[in-house]
Amino acid sequence: MRIDRLLASLRALLALPDRLSTELRDMERAMRDVERTAERTFKRHDSEMATLRGDITGLRDELRDRLLQYHLQLGRLSALVDGDRNGSLGSRVPVSTGRDNGAAQPEPSSRPRAAEGTGDEWLLLPACPACGTADRTVVCEWNKLVLLDTAPDEQAARYDYAVCHGCGILYATRRPVGARYQFLVEHFEDVIDKDAKNPLLNPYPLTDEDRARYRRLTARGPFVSDHESGGLSSVLRDRMENAGHADLLGSMLNPRGARVLEIRPRAGTILEGLRRHYGADVHAMAIWESQQFIMQELYGIPTLSLIDFDRFAIPSQEPFDLIACNHMFNHVVRLDLFLKAVRDALRPGGHLYLYNEIDDSEFLDGGQSMIATMNPLHLQASDRPSLVRALGAAGFEPVLVNGRHKRNFCLMRRADQPAPSGVEGSRHATIGTEDLARRIAAYRRARDRAVLRAPAAVRDRFSPVWDSTVERAVASGVARFDDKGELRIVKDDR
Ligand SMILES: [Zn+2]
């Protein structure tokens, strides 16, 4: 009995290897499965690890950028504390910059030098002055005055330029009017020749001596040659620069005997050309007496009253066939009133010709500084499609739209029906969503680039927005930190 049990146990023991080998095979199979699963899992983890590594690198770079940014900021501040203002003019001409939220109101002026006796004359636009759309995005707070040694007053640099969500133009949402605007016209260095060396840029009322001098100069006619002395070289230059416009208008419109008005001609080249070739009945509206006098003396072109950029009006009852405007879209203070006045002064089917209007690619493409281009008399800017939409909203149809040397020109026809202006959602063309987003992004990059490029002497005027500007500029690719931690503007960010 005991032997039987012993034998049975022995048999079971002898059979064990077989069972074990079967179980081992099974285990081996399971292990291979686990290995395969593990392999797959490891692969996935590898990619997760790679992502994680990338994130860590990104964070490290960001941290380095931040530290460099603060390092730069601290360096700048310690220089200020040490009294090294690096020739800064900020203390002499304080210009309030506000916070970088695009909606801040200017701080109250404590030194209204220019505004003395004029009151606080600002026009705050609730909507686009071309198409009436209220929706907009403020993209740049300042005009060029923020970069200059001397600003007429500390409020004048703040215009809060916005991109219109309707037609897409850029416009100053706050702008000086009345005497404050007049002050800028009379004193802004880019517009006038303070010493009146160029008779065409003399903004002052003429004296008898001036008239006598201008008569002597115009007696030589417009064609001033280097082999002789005297004469008005600026008139010849105007002919060389603007004769193309007269050729274009003459060829496209054949204005035989047409009644033509030019607003803000420099020296009357276009009017003179249309009269000479087509017998057009020409009239001019000039900015200054000096231009008026020279055009009358030189070409016998009759002039209406001087231009009032603020309260613009055309003092003529008889309608015109063609009205040409030099650089008026950029300058006029009340664009809606201006476009209405021009439209009302045209006969049905008459033409409006705008030329010398800034194409904003001049600064959006990274060439010029946006803030330097938008001087305080530049209240509107656009690209060509936005210009056409803006004029479409004012009751004009495009005939020819083009540009040259970053300046646009467009020939428009007065539409039969005026567009229902000033009403949001009216039937004028609006900018597409993607185009609008692209335009706003381009304007923000241009603004950031302009701030970062500001000369060291005026940089402390931007101190309230410096950090946020650096941050945004690095994020959008406008600027980067180089290996030494210096902030660099990226040359072409497109
Ligand atoms: Zn608009």
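Only a predicted model underlies this, so the values are computations on that prediction, with no experimental measurement involved.

Caption draft 1: Summary view of the overall build of the chain. A count of helices and strands for the chain gives 13 helices and 14 strands. Of the contacts formed within the chain by residues at least 6 apart in sequence, a portion of 69% connects residues at least 24 apart. For the chain, the accessible surface area stands at approximately 24800 Å², while carbon and sulfur atoms represent 53% of it.

Caption draft 2: Broad picture of the pattern of salt bridges. The full count for this structure, using the stated rule, is 23 salt bridges. A salt bridge links Arg 347 to Asp 321; the nearest nitrogen and oxygen atoms lie 2.4 Å apart. Placement of Arg 347 in strand 9 (residues 346-358) and of Asp 321 in strand 8 (residues 320-326) is noted, with a sequence separation of 26 residues between them. For Asp 359, the salt bridge is made with Arg 384, and the minimal N-O distance between the two is 3.8 Å. Here the residue Asp 359 occupies a position in the loop between strand 9 and helix 9 (361-364), and Arg 384 occupies one in helix 11 (residues 384-393), the gap between them amounting to 25 residues. On the accessibility criterion, Arg 384 (30% relative accessible area) is partly exposed. Bridged by salt links that share partners, the residues Glu 141, Arg 447, Asp 448 and Arg 472 form one connected network.

Caption draft 3: Geometry of the coordination of the zinc ion. The protein atoms donating to the zinc ion are Cys 128 (SG), Cys 131 (SG), Cys 164 (SG) and Cys 167 (SG), with metal-donor distances spanning 2.2 to 2.4 Å. Coordination at the zinc ion is tetrahedral, judged from the four donor atoms that bind it and the angles of 95 to 117° they form at the metal. Of note, the zinc ion draws all its donor residues from one chain, in the sequence arrangement C-x2-C-x32-C-x2-C. With relative accessibility at 1%, the residue Cys 131 sits in the buried group.

Caption draft 4: A look at the sheet that holds strand 4 (residues 170-172). Pairing within the open sheet is antiparallel, and its four strands lie in the order 2-3-4-10. Single-partner strands in this sheet number two, and they are strand 2 (136-142) and strand 10 (380-381). Direction of pairing for strand 3 (residues 158-164) relative to strand 4: antiparallel, over a ladder of three bridges. Across the sheet, the residue bridging to Val 163 is Leu 170, located in strand 4.

Caption draft 5: Quick peek at the nonpolar core. Core analysis: the biggest nonpolar cluster contains 90 residues, and Ile 263, Phe 312 and Ile 314 have the highest contact counts within it. If sequence neighbours within four positions are ignored, Phe 312 has contacts with Ile 263, Met 285, Ile 307, Met 328, Val 332, Phe 338, Ala 341 and Val 342. Judged by nonpolar contacts, the second largest core, of 32 residues, contains Tyr 214, Ala 284, Ala 286 and Tyr 299.

Caption draft 6: Inspection of the packing of aromatic side chains at higher detail. Within the structure shown, the criterion is met by nine aromatic pairs. Between Trp 122 and Tyr 159, the ring centres sit 6.2 Å apart and the planes meet at 80°, which makes this aromatic pair edge-to-face. Highlighted residues: Trp 122 in strand 1 (residues 122-124) and Tyr 159 in strand 3, separated in sequence by 37 residues. When sorted by exposure, Trp 122 lands in the same class as Tyr 159, which is buried. Judged by centre distance (6.3 Å) and plane angle (40°), the rings of Tyr 353 and Phe 409 are tilted. Linking Tyr 353 in strand 9 with Phe 409 in strand 12 (residues 407-414), this pair joins segments that are 56 residues apart in sequence. Grouping residues by exposure puts Tyr 353 and Phe 409 together as buried. Taken together through their ring pairs, the aromatic side chains of Trp 122, Tyr 159 and Tyr 161 make up a single cluster. The ring of Trp 122 has Arg 174 sitting right over it, with the charged end atom 4.0 Å from the ring centre.

Caption draft 7: Expanded view of the sheet that holds strand 9. Taken together, the six strands give an open sheet; going across it, the order is 7-6-8-9-12-11, and neighbouring strands pair in mixed fashion. The sheet terminates laterally at strand 7 (281-285) and strand 11 (396-404), the two strands that pair on one side only. On average, adjacent strands in this sheet sit at an angle of 15° to one another, irrespective of strand direction. The pairing of strand 8 with strand 9 spans six bridges and is parallel. Residue Asn 326 lies in a different strand from strand 9, and its bridge partner there is Tyr 355. This element, helix 5 (residues 269-278), spans strand 6 (259-263), strand 7, strand 8 and strand 9 of the sheet and lies at about 165° to strand 6.

Caption draft 8: Expanded view of helix 5. Here helix 5 lies mainly inside the structure; seven of its ten residues are buried. Where helix 5 is buried, its residues touch helix 4 (233-253), strand 6, strand 7, helix 6 (289-299), strand 8 and strand 9. Following helix 5 by one or two positions, Gly 279 adopts a phi angle in the positive range, close to 60°.

Caption draft 9: Here's a closer look at helix 4. With 21 residues, helix 4 extends 30 Å from end C-alpha to end C-alpha; this agrees with the ideal 30 Å at 1.5 Å per step. Of all bends in helix 4, the biggest is about 50°, found at Asn 242. By the burial criterion, the buried members of helix 4 are Ser 234, Val 235, Asp 238, Arg 239, Asn 242, His 245, Ala 246, Leu 248, Leu 249 and Gly 250. Buried residues along helix 4 sit in contact with helix 5, helix 6, strand 8, strand 9, strand 11 and strand 12.

Caption draft 10: Main features of unusual backbone geometry. If you check the backbone angles, His 327 has positive phi at about 65° while not being a glycine. Of note, His 327 is situated in the loop between strand 8 and helix 7 (328-331). Accessibility expressed as a relative area gives 9% for His 327, which makes it buried. At His 405, a residue that is not glycine, the phi angle is positive and equals roughly 50°.

So, how was this worked out
Residues numbered from 1 in each chain as written. Predicted model: local features only at pLDDT ≥ 70, side-chain atom pairs only at ≥ 80, totals over all residues. Heavy atoms only, no water. Helix = DSSP H or I, 4+ residues; strand = E, 2+ residues; numbered from the N terminus. Contact = heavy atoms within 4.5 Å. Areas by Shrake-Rupley, 256 points an atom, 1.4 Å probe, with all protein chains shown as cover. Salt bridge = Lys/Arg side-chain N within 4 Å of Asp/Glu carboxyl O. Buried < 20%, exposed > 50% of the residue type's maximum accessible area, 1.4 Å probe, protein only. Donors = N, O, S within 2.8 Å, 3.2 Å for Na, K, Ca; no water. Tetrahedral: all angles 85-135°; square planar, octahedral: opposite > 155°, others 65-115°. Pairing = 2+ DSSP bridges. Core = buried A, V, L, I, M, F, W, Y, C linked by side-chain atoms within 4.5 Å. Phe/Tyr/Trp six-rings, centres within 6.5 Å; stacked < 30°, edge-to-face > 60°. Lys NZ or Arg CZ within 6 Å of the ring centre and 35° of its normal. Axes fitted to C-alpha atoms, helices over the stretch in contact; angles between N-to-C directions. Expected span 1.5 Å × (residues − 1). Bend = angle between axes of the 7 residues up to and from the residue.

Honestly, that's just the spatial picture; any functional story needs more than this.
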